[in-house]
Amino acid sequence: MSEGSNVQFSEREALLFHSHGRPGKIEIVASKPMATQRDLSLAYSPGVAVPVRAIAEDPATAYDYTAKGNLVAVISNGTAILGLGNLGALASKPVMEGKAVLFKRFADVDSIDLEVATEDVDKFISAVELLEPSFGGINLEDIAAPACFIIEQTLRERMNIPVMHDDQHGTAIIAAAGLINACHLTGRDIRDVDVVVNGAGAAAIACAALIKSMGVPHDRVLMCDRKGVIYQGREEGMDQWKSAHAVKTDRRTLTEAMVGADVFLGLSAGGALSADMVKTMADKPIIFAMANPDPEITPPEARSARPDAIIATGRSDYPNQVNNVLGFPFIFRGALDVRATTINEEMKIAAAQALAELAREQVPEEVAAAYGGAAPRFGNDYIIPAPFDPRLMEIVPVAVAKAAMDSGVARKPILDLGAYRQELKARLNPTTSVLTLAYEGAKAHPKRVVFAEAEEEVVLRAAIQFRDGGYGIPVLVGRDDVPERLRALGVDKPEEFELHNSRISPLVPKMVDYLYQRLQRRGYLRRDVELMVNQDRNIFGSLLLALGEADAMITGVTRTYSQTMRQVRRVLDPAEGRKPFGIHVLVGQSHTVFMADTTITERPTAEELADIAEHTAAVARSMGHEPRVAFLSYSTFGNPSGNWLDPIRGAVALLDERGVSFEYEGEMAPDVALNPKLQKNYPFMRLSGPANVLVMPGLQSANLSAKLLRELGGDSVIGPMLVGMEKPVQIATMGSTASELVTLAVLAAGGIAR
């Protein structure tokens, strides 16, 4: 069971991530304007009195006038933090903040983390139940068994909003989805399987309860804990929750329980299941080894013992990951949208069935891209959807909402589920999924990426993240002290990094020959070329790329963009028939805007503007967006008139001639391009909605706008992304963070920014 991946990183990197800039991972952002005194008067006194009175008269209107309907509390007392044990409420805060981030990232659910400093069950329950007016749902997390059972059951009985302990039910729902498909593939009826559940904690008991609700007979489920099989009459180490799953059997050990079993559900400890035990299972055994970070048995070990097995784990580096993030964001999304009073068994089963059915459908291009274009197909190694499948947001909440309505716990039924599905799709920004896919694709097909300024700490941190994340092999360009710098950053074995020192590299003669051949008729002497190769890291790094010693390159933090670009261009050419340019990508929760050219072309011609539009539209499509291109100007369709409109009008005319397959229009001011209300003033306009590709009229306005938006805007900014080069090169800005460098390196290696 997992909510992440098994990416490696240093403790220093993790602490820097959580402390850099604003400490922590979340902040409160106002959803209404707060610029004027009138805004403040409406938001607070006296305007706020109006909704106060309305809610007092009709409590249901709290969902209309406050954030309650999209707000979930993530609550823990820190008694079972990840696999770390009881470290206390305060220590659980980073995990709970992370959970809040996942809610927002995957399902656009706002979330507040609350850490309750008590291990007293009654006090914890009292504290949480009093919060009902504030929240639309309660997500309990990292609470040890058996207290978690009492807490959840009592809160569900006392509160009139959804309450779910995700460590129990999230894992159970994803495992159940995988079990449905594994039974389908092996020709089994879920009502006829013999199941061994190893572990008797919160997740194990929830898994057992859910599969029984789905039809697995009670007496065909053998649950084991550290003391062996939980059987009727056993007294040692028992409690009421274990007793509920006791069966009449003469088997006493896990080894005995496994004989003839169809299914193994492991929620215990690494290495608990041996290959010899697996050999005694029924034909085509189903093995879910979900202990983290080390499964009860690794897939290679299990498959060696039984080649016919279907195997799932909690890890991302093996097929069929049982990942909670497939469940809880979308389950709460559906529950909140129908204002459900609870999350019942019908809703959990609906989520499991929806996930199972999604895994059987043809995988979309976005997911296929993460597998290097080879789309995974439903089968033994793909029984659970990938956590970055963009269809999850459309499918699972709809199934949960419908189950809530059918079971009578929905206070606000949705009449048009088709329209609801479209609303869900619009809530999230496709770019976030595509970026996730790019990272997954990099892991699936790692490339060699040159980090050309490896003497800089930020570059070394990025290289470490790139390597430890499994995204590829960093090729460092620097001097002799780089290994010592790596040690200072927590790298135990810096010799494992590939380092190229231009002063001693055996590649230098070959590089000089190559570059002199290029530059000898451009005014450079051979000694000039030798000096450049020996002393300029960007020249040296570009030559590594040109000579096939690496697949991509990232640079730019030590010099201005234009200086760096000039150095790169001495070695590398544009792609055939292309002129390079830069794109800044502005990413919000539900929107993305592509702005070009922001880095290279000072005063583009009509043909260059048309080319920029076409290639930026292609990048937008590669990131999941249907392009709507606006050619920006100070003038909107000739008002006011001016001297610089002809290139824009010429570009529009060229696109007319080319018959491109995307929407485009211009010239227009930025507010008209982005504001649908203003667009209504121009009924002839060809854009069907706000533009998402902004083609700037010149470098001055483009670069100024991009930098202002980076510093002042509320959106995340990716880039500038360099497109149009013969080799994958990305030039970062001088103030880039390590995370930004890693993103550009992944985009370069994955070919998205070409």
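Residues numbered from 1 in each chain as written. Predicted model: local features only at pLDDT ≥ 70, side-chain atom pairs only at ≥ 80, totals over all residues. Heavy atoms only, no water.

### Here we look at the sheet that holds strand S15 (residues 581–587)
Then step 1. An order of S18-S17-S19-S16-S15-S20 is seen for the six strands of this open sheet, with the pairing classed as mixed. The outermost strands of the open sheet, each flanked by one partner alone, are strand S18 (663–668) and strand S20 (716–723). Direction aside, neighbouring strands of the sheet carry axes that sit 20 degrees apart on average.
Then step 2. For strand S17 (residues 628–632) and S18, the ladder comprises five bridges, and the chain directions are parallel. (Pairing = 2+ DSSP bridges. Helix = DSSP H or I, 4+ residues; strand = E, 2+ residues; numbered from the N terminus. Axes fitted to C-alpha atoms, helices over the stretch in contact; angles between N-to-C directions.)

### Looking at the pairing of strand S5 (residues 195–198)
Then step 1. Of the two faces of S5, the one holding Val-195 and Val-197 and the one holding Val-196 and Asn-198 are both buried throughout.
Then step 2. You can see the chain leave S5, run along helix H9 (residues 202–213) and come back into strand S6 (residues 221–225), and the turn it takes is right-handed.
Then step 3. Across four bridges, the pairing between S5 and strand S8 (residues 263–266) is parallel. If you follow Asn-198 over to S8, its bridge partner there is Gly-266. (Buried < 20%, exposed > 50% of the residue type's maximum accessible area, 1.4 Å probe, protein only. Right-handed = clockwise from strand over helix to strand, strands pointing away.)

### Structural notes on the pattern of salt bridges
Then step 1. Inspection of every chain in the model, using the stated rule, returns 46 salt bridges.
Then step 2. A salt bridge links Arg-448 to Glu-498; its shortest N-O distance comes to 2.7 Å. Of this pair, Arg-448 sits in strand S11 (residues 447–451) while Glu-498 sits in strand S13 (residues 498–500), placing them 50 residues apart in sequence.
Then step 3. Of the charged contacts in the structure, one is a salt bridge between Glu-455 and Arg-537, with a shortest N-O distance of 3.4 Å. Taken together, the residues Glu-455 in the loop between S11 and helix H20 (457–468) and Arg-537 in helix H24 (residues 537–546) connect sequence positions 82 residues apart. (Salt bridge = Lys/Arg side-chain N within 4 Å of Asp/Glu carboxyl O.)

### Quick look at the side chain of Asp-468
Then step 1. Relative to the elements of secondary structure, Asp-468 occurs in helix H20.
Then step 2. At a separation of 3.1 Å, a polar atom in the side chain of Asp-468 contacts the side chain of Arg-467. (Polar contact = N/O pair within 3.5 Å; in protein donor to acceptor, adjacent residues only side chain to side chain.)

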